[in-house]
Structure formats: C-alpha cells, structure tokens
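Working through the structure, step by step
Below are the chains, spelled out letter by letter.
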Amino acid sequence: MPKHADLTALIPSRYPLLQAPMASAQGSPLALAVCAAGGVGSLPAAMLSTEALQAELHMLRGQAQGPWNVNFFCHTPPEPDAAAETRWREALRPLYDEAGIDPADVPAGAGRVPFSHAVADVVEPFAPPVVSFHFGLPTPDLLARVKSWGSKVLSSATTVEEALWLQAHGADAVIAQGLEAGGHRGMFLSAELGTQLGTFALLPQVVRALQIPVLAAGGIADAAGVRAAMALGAAGVQVGTAYLCCPEATTSRLHRDALMSKAARHTELTTLFSGRPARGIVNRLMRELGPLNPATPAFPLATAAVAPLRAHFEKLGRTDCTPLWSGQNASGCQTVPAAEVTAALADGFD
Ligand SMILES: Cc1cc2nc3c(=O)[nH]c(=O)nc-3n(C[C@H](O)[C@H](O)[C@H](O)COP(=O)(O)O)c2cc1C
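Residues numbered from 1 in each chain as written. Predicted model: local features only at pLDDT ≥ 70, side-chain atom pairs only at ≥ 80, totals over all residues. Heavy atoms only, no water.

A separate point is the sheet that holds strand S10 (residues 267-270). Pairing is antiparallel across the open sheet formed by 3 strands, whose spatial order is S7-S11-S10. The open sheet has two edge strands with one neighbour each: strand S7 (183-184) and S10. (Pairing = 2+ DSSP bridges. Helix = DSSP H or I, 4+ residues; strand = E, 2+ residues; numbered from the N terminus.)

Written out as structure tokens, the structure is:
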C-alpha cells in the first residue's frame, strides 16, 4: 500500500498535497487552482470578516474540484494591556518620528479573531471537507461541532508533545511544521523557541509517535523535497512559500520582489508583526528592533501599531516595516500558475 493511502482515504484528493493556508497572501482563487490541479486548496480565514468569509466559502463550495480546506486560528485573545501598548509604541517611536506619525492617532486593535461558535455558524452550511487549525484546537464542544458536519480536522504540531496532544484531542491528521516553515509557528504548548525542530528532525519522530497520518511542512519546494518527506514517513505534504509568487496569490508586488531576490536567503523568526513568532525575510524593522524584541505585546496586538508604519513605507516602495513572510527555502517561488507548481511537486509522489 502506498504510504499516502492513509491520507487520501481521509481526504480523497488526487495527490496528498495541501497548499498551505496563507493569511494575507491568498484567497479562494489560489485554493481553487490547486484543487483543479489535484491538490487540496486552502482558504486562510483568520483575518476575514464574516461577509468576506461567506463570499469565499460560496466560491469554494460552488467551484472546487475535489476536497478543499478552510483554516482558522485558535489562540486565546489576550486582555488589553495599556502599559504594554505604551511600551510597544515607545519602541517604535523613532520610526513614527521619521514617518511623521503621531502614535496617539494610531488605533489599537486585534486584527485576528479565533474560531468561535459565531464563526462556526457561518461555516456550518458549507460543511468544508477539511478544516485546519493553527495554534492547537478549539474547545471540545466546538471541535465536536466541526466534526458533526463531516469535516476532517487537521492542525499543526511543532514538537512531538504537540503532535501527541493533537492526536489525543481529536485531530484526524497532524501537520508536522518544521522550523524552516514560513509564516507563524503553530506552537501552542510551549512558547520556548528552543523546543522547535527542523523538518528532518521533527517529522520522523512525529511519524513514529502517532497512529494517525502525518503531513510534512516546512522547506518543501520541489519534487525532491516531497520525496524526502515521504521517505521519512510522511503521508503527505503541506507547502506554502512555493505558491507565493503564483499569479493566483494576492502576495503584494513588494513581497514578490523580495521572495524572488537574494534577500529571501535570510529569514528569521520574529514576533514584531503580530506578537507570536513567525518566519519572514529580514527587513529594517527586524534589524533595528531585533526580531524578538521584548517590548512586543501579546499576539495579535502587535499588528495595529506597526500598520501605519508599514503603509507609510510601502507608499514609498519600501518594505522597512512590511512582514515578508517566507520559509527558509524560497527557491520554489516562480511566476507560474499554481497548477504548474502543483504538478512539479506531485512528481515527488511515485
Ligand atoms: C505567507 C504565509 C502565511 C501563512 N499563514 C498561515 C495561516 O494563516 N494559517 C496556517 O495554518 N499557516 C499559515 N502559514 C504556515 C503554513 O501553514 C506552513 O506551515 C508553511 O507555509 C510551510 O512551510 P513553507 O512555507 O516552507 O512551505 C503561513 C505561511 C506563509 C508563508
């Protein structure tokens, strides 16, 4: 039996290949293109309004060829903390001064809401074939609700402990997210970055520890990467960065240019843009404040204070304060349709 039979039995796509949900960089057009090419397309929903989520779900249900995935965050929102917010704005003051922005005029705000019964009310009529979560799983009653529609449930693990926790709490499959991965680390049991493992170290240990299928994520950008993941026992793969320069993605021009340049060879984990560690191409904000500056407030409260700075520099054609999410291996980024990226990756399943 091929190794990926476990996953395609659960999620019956042509290839055991998930396009990673990438909030801020794509919507249903990328997901639909990947589905049409035989993979599982994903919709990142963490930053969508109710209306936008509904519209995207209509598109996916109406047009997807094969199974598709909707992705949510399940963090616990922090209590607003005025002192932490002041500290953060103080750390950003030199940039506010340079941009001519009065920090008192900058609204605070969350920007990302966790999965909830209210969100589930919107999703339920669409019964997505797959629902994936980042930062753990929702509460047991919410998870039971998602499963009652028939959705298969996936979540990311960054350690063996998290993978075991997800299996014990009802995940149908686990995404082993290696340290190479772009965007937010899905870590949820420990905030200690020293616990984080690279894909080649994490994947075989998770495969050995679990009874459910394991997908590999982080640094996979071509067929050889897919083959390596499958050789280490993965039942499938989840790939993000390699899709960022496809025409169907909404990645900004500035972000695309950075991904296709030598700058993409230097990524770091940073908390500056949201409050949680996420991997992106090093830019001015990361260099000047340090990527893990202790003044950064709790997730997701860091975002609002950076937003006007980001907008100011982007108007000048600069990425000084722009999150340039990318994995460590951006070598797969090409300006080609998502179907081509999917076909190239799928060559690794033989
Ligand atoms: C631009 C970007 C945005 C991301 N946003 C999300 C997200 O909204 N939800 C999620 O579960 N993972 C998100 N991720 C992480 C991916 O799920 C996945 O772990 C990662 O892309 C795999 O590594 P790779 O980028 O090296 O392929 C994001 C990744 C990137 C590059």
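Moving on from the coordinates now.
In the vicinity of the ligand lie 21 residues, with Pro 21, Asn 71, Gly 219, Gly 240 and Thr 241 positioned nearest. Separating an oxygen atom of the ligand from a side-chain N or O atom of Gln 238 is a distance of 3.0 Å. Bound to the protein, the ligand loses 98% of the 600 Å² it would expose on its own. Listing elements by their share of the shell around the ligand, those giving two or more residues are strand S3 (68-73) and strand S9 (236-239). Counted by class, the shell around the ligand contains 10 nonpolar, 11 polar and no charged residues. (Near = heavy atom within 4 Å. Polar contact = N/O pair within 3.5 Å; in protein donor to acceptor, adjacent residues only side chain to side chain. Areas by Shrake-Rupley, 256 points an atom, 1.4 Å probe, with all protein chains shown as cover. Nonpolar A, V, L, I, M, F, W, Y, C, P; charged D, E, K, R; others polar.)

A word on the sheet that holds S9. The strands making up a sheet associate through hydrogen bonds between their backbones, and the pairing can be parallel or antiparallel. In spatial order, the strands read S1-S9-S8-S6-S5-S4-S3-S2; together these 8 strands make up an open sheet with parallel pairing. Only two strands of the sheet have a single partner each, and these edge strands are strand S1 (17-19) and strand S2 (41-44). Pairs of neighbouring strands in the sheet enclose a mean axial angle of 25 degrees, with direction left out of account. Taken together, the 4 bridges between strand S6 (residues 173-177) and strand S8 (residues 214-217) define a ladder with parallel strand orientation. (Axes fitted to C-alpha atoms, helices over the stretch in contact; angles between N-to-C directions.)

Another point: the pairing of S6. The element S6 is extensively covered by neighbouring structure, given that 5 of its 5 residues are classed as buried. Of the two faces of S6, both are covered, the one formed by Ala 173, Ile 175 and Gln 177 as well as the one formed by Val 174 and Ala 176. Of the pairings in the sheet, the one linking strand S5 (residues 152-157) to S6 comprises 4 bridges and is parallel in character. Considered in S6, the bridge of Ala 157 is made with Ala 176. The parallel pair S5 and S6, bridged by helix H8 (residues 160-168), forms a crossover whose chirality is right-handed. (Buried < 20%, exposed > 50% of the residue type's maximum accessible area, 1.4 Å probe, protein only. Right-handed = clockwise from strand over helix to strand, strands pointing away.)

Moving on: unusual backbone geometry. A cis amide bond links Phe 299 to the next residue, Pro 300, at an omega of 0 degrees. Here Pro 300 is to be found in the loop between helix H12 (284-289) and helix H13 (302-315). In this model, Ser 24 sits at a positive phi of 80 degrees, which is unusual for a non-glycine residue. With a relative accessible area of 54%, Ser 24 lands in the exposed category. Even without a glycine there, the phi angle at Ala 127 is positive, about 35 degrees.

Any two aromatic rings considered together are summarised by their centre-to-centre distance and by the angle between their planes. Under the counting rule described, the total for this entry stands at 9 aromatic pairs. An angle of 65 degrees between the planes, with centres 5.2 Å apart, marks the rings of Trp 165 and Phe 188 as edge-to-face. In this pair, Trp 165 sits in helix H8 while Phe 188 sits in the loop between S7 and helix H9 (199-209), placing the two residues 23 residues apart along the sequence. Connected via pairs of aromatic rings, a cluster forms that spans Phe 72, Phe 115 and Phe 133. Over the ring of Phe 135 we find Arg 276; its NZ or CZ atom is 4.0 Å from the centre of that ring. (Phe/Tyr/Trp six-rings, centres within 6.5 Å; stacked < 30°, edge-to-face > 60°. Lys NZ or Arg CZ within 6 Å of the ring centre and 35° of its normal.)

A few words now on the nonpolar core. Ranked by size, the top nonpolar core spans 72 residues in total, and within it Leu 53, Leu 57, Phe 72, Phe 115, Phe 133, Val 237 and Tyr 243 carry the most contacts. Ala 99, Phe 273, Ala 295 and Ala 302 belong to the second largest nonpolar core, which has 22 residues in total. (Core = buried A, V, L, I, M, F, W, Y, C linked by side-chain atoms within 4.5 Å.)

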